[in-house]
Amino acid sequence: CIAIADQALVLNANDVRGLFWKAAAMGKMAEDSGVLNALRMIRPMEKMLLKVVALDERYENAGAHRALGRMYHKLPGFPISFGSNRKALMHLKRAHDLFPQDVITRAFYAELLYDEGKRNEARKHADFVLTTPIADEDALEFAEYVNIALAVIEKTGGSEVKLGSF
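Residues numbered from 1 in each chain as written. Predicted model: local features only at pLDDT ≥ 70, side-chain atom pairs only at ≥ 80, totals over all residues. Heavy atoms only, no water.

Novice: Describe the overall build of the protein, naming the residues involved and giving the relevant values.
Specialist: A count of helical and extended segments in the protein gives eight helices and zero strands. Rg of the C-alpha trace for the protein: 16 Å, near the compact-globule value of 15 Å for 166 residues, within the 12% margin. With the principal axes as the frame, the protein shows a C-alpha extent of 50 × 40 × 30 Å. Every one of the 166 residues in the protein was classed for burial, and the buried ones make up 46%. In the protein, 54% of the contacts between residues at least 6 apart in sequence involve partners at least 24 apart. Only carbon and sulfur atoms are counted for the fraction: they give 56% of the accessible area of the protein, which is about 9,200 Å². (Helix = DSSP H or I, 4+ residues; strand = E, 2+ residues; numbered from the N terminus. Rg over C-alpha atoms; globule rule 2.2 N^0.38 Å. Buried < 20%, exposed > 50% of the residue type's maximum accessible area, 1.4 Å probe, protein only. Contact = heavy atoms within 4.5 Å. Areas by Shrake-Rupley, 256 points an atom, 1.4 Å probe, with all protein chains shown as cover.)

Novice: I'd like a description of the side chain of T105, backed by residues and values.
Specialist: Position of T105 relative to the elements: it lies in helix α6 (residues 103-115). Residue classification places T105 among the buried positions, given a relative accessible area of 0%. Ignoring sequence-local partners within four residues, the contact set of T105 consists of N61, R66, L92, A95 and H96.

Novice: Describe in detail the pattern of salt bridges, supporting the description with residues and values.
Specialist: Using the criterion set out here, one finds eleven salt bridges in the structure. With its nearest N and O atoms 3.5 Å apart, the salt bridge here joins E111 to K74. One end of the pair, E111, is in helix α6; the other, K74, is in helix α4 (residues 59-74), and 37 residues separate them in sequence. For K74, a relative accessible area of 46% translates into the label partly exposed. (Salt bridge = Lys/Arg side-chain N within 4 Å of Asp/Glu carboxyl O.)

Novice: Could you give me a rundown of the packing of α6 against helix α8 (residues 139-155), with the residues and numbers involved?
Specialist: Look at α6 against α8: their axes get within 9 Å of each other, and the N-to-C directions meet at 30 degrees. By the criterion of interaxial angle, the relationship of α6 to α8 is roughly parallel. For α6 against α8, the interelement crossing comes out left-handed. Packed against α6, whose contacting residues are V103, I104, A107, F108, A110, E111 and Y114, the element α8 presents F142, Y145, I148, V152 and K155 at the interface. (Axes fitted to C-alpha atoms, helices over the stretch in contact; angles between N-to-C directions. Parallel < 35°, antiparallel > 145°, perpendicular 65-115°, else oblique. Left-handed = near helix turned anticlockwise from the far one by under 90°.)

Novice: Describe the nonpolar core, listing the residues and the values that go with them.
Specialist: Judged by nonpolar contacts, the single largest core of 46 residues is most densely connected at I42, M71 and Y145. Of all the secondary structure elements, the ones that give two or more residues to this core are α2 (16-32), α3 (35-56), α4, α5 (85-98), α6, α7 (119-131) and α8. Apart from residues lying up to four places away in sequence, M71 is in contact with I42, M45, E46 and F82. (Core = buried A, V, L, I, M, F, W, Y, C linked by side-chain atoms within 4.5 Å.)

Novice: Can you break down the environment of H125 residue by residue, with the values?
Specialist: Counting through the fold element by element, H125 comes out in helix α7. The buried category is assigned to H125, whose relative accessible area is 1%. When the C-alpha atoms of H125 and A149 are compared, they prove to be 7.9 Å apart, with 24 residues separating the residues in sequence. Leaving out residues up to four positions away in the same chain, H125 has contacts with H96, R106, Y109, A110 and L113.

Novice: Quick one: what's the story with α7, residue by residue and with numbers?
Specialist: Under the 1.5 Å per step criterion, the end-to-end length of α7 is 18 Å for 13 residues, consistent within 8% with the ideal 18 Å. As for α7, its buried residues are in contact with α5, α6 and α8. (Expected span 1.5 Å × (residues − 1).)

Novice: With reference to specific residues and values, describe the packing of aromatic side chains.
Specialist: In this structure the tally under the stated criterion is five aromatic pairs. Relative to Y145, the ring of F142 has its centre 5.9 Å away and its plane inclined at 70 degrees; by these criteria the two rings are edge-to-face. Separated by three residues within a single helix, F142 and Y145 lie in helix α8, roughly one turn from each other. Judged by its relative accessible area of 17%, F142 is buried. Site record: aromatic cluster; members linked through ring pairs are F20, W21 and Y59. (Phe/Tyr/Trp six-rings, centres within 6.5 Å; stacked < 30°, edge-to-face > 60°.)

In structure tokens:
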């Protein structure tokens, strides 16, 4: 994925698709590698995602905002790294404003809001994730986001929520 994205970026350094998918692939590699390798990839990812936001913030259901929000939320703060819940909130709120029906954004937003002490608002987003129908063929892909929502539900006292297709 990174090699193909690099080919696209050689042709056009502002190719939103190349920038976004290269950053996404780097993010996956960062998750799977050790902390030192991950920290080495994070700044270049941030730069690419910020460029996507500047060029086309709506691309891939505001995927760059969503990815930046997740990254800023999960990264440790200074002096270890540059995590920032303030920045995370800004990006996830914008992603939600642009695409309020996006399950991935809502799951990430719910988790961040819970961590910020906004339990009721977090619960609302988690409930949305769990009640949104998910096609059987997408169940595996969306399981991670459903699990995030379930964790928020559990932390906020559980519920009688009906799951989409899970």
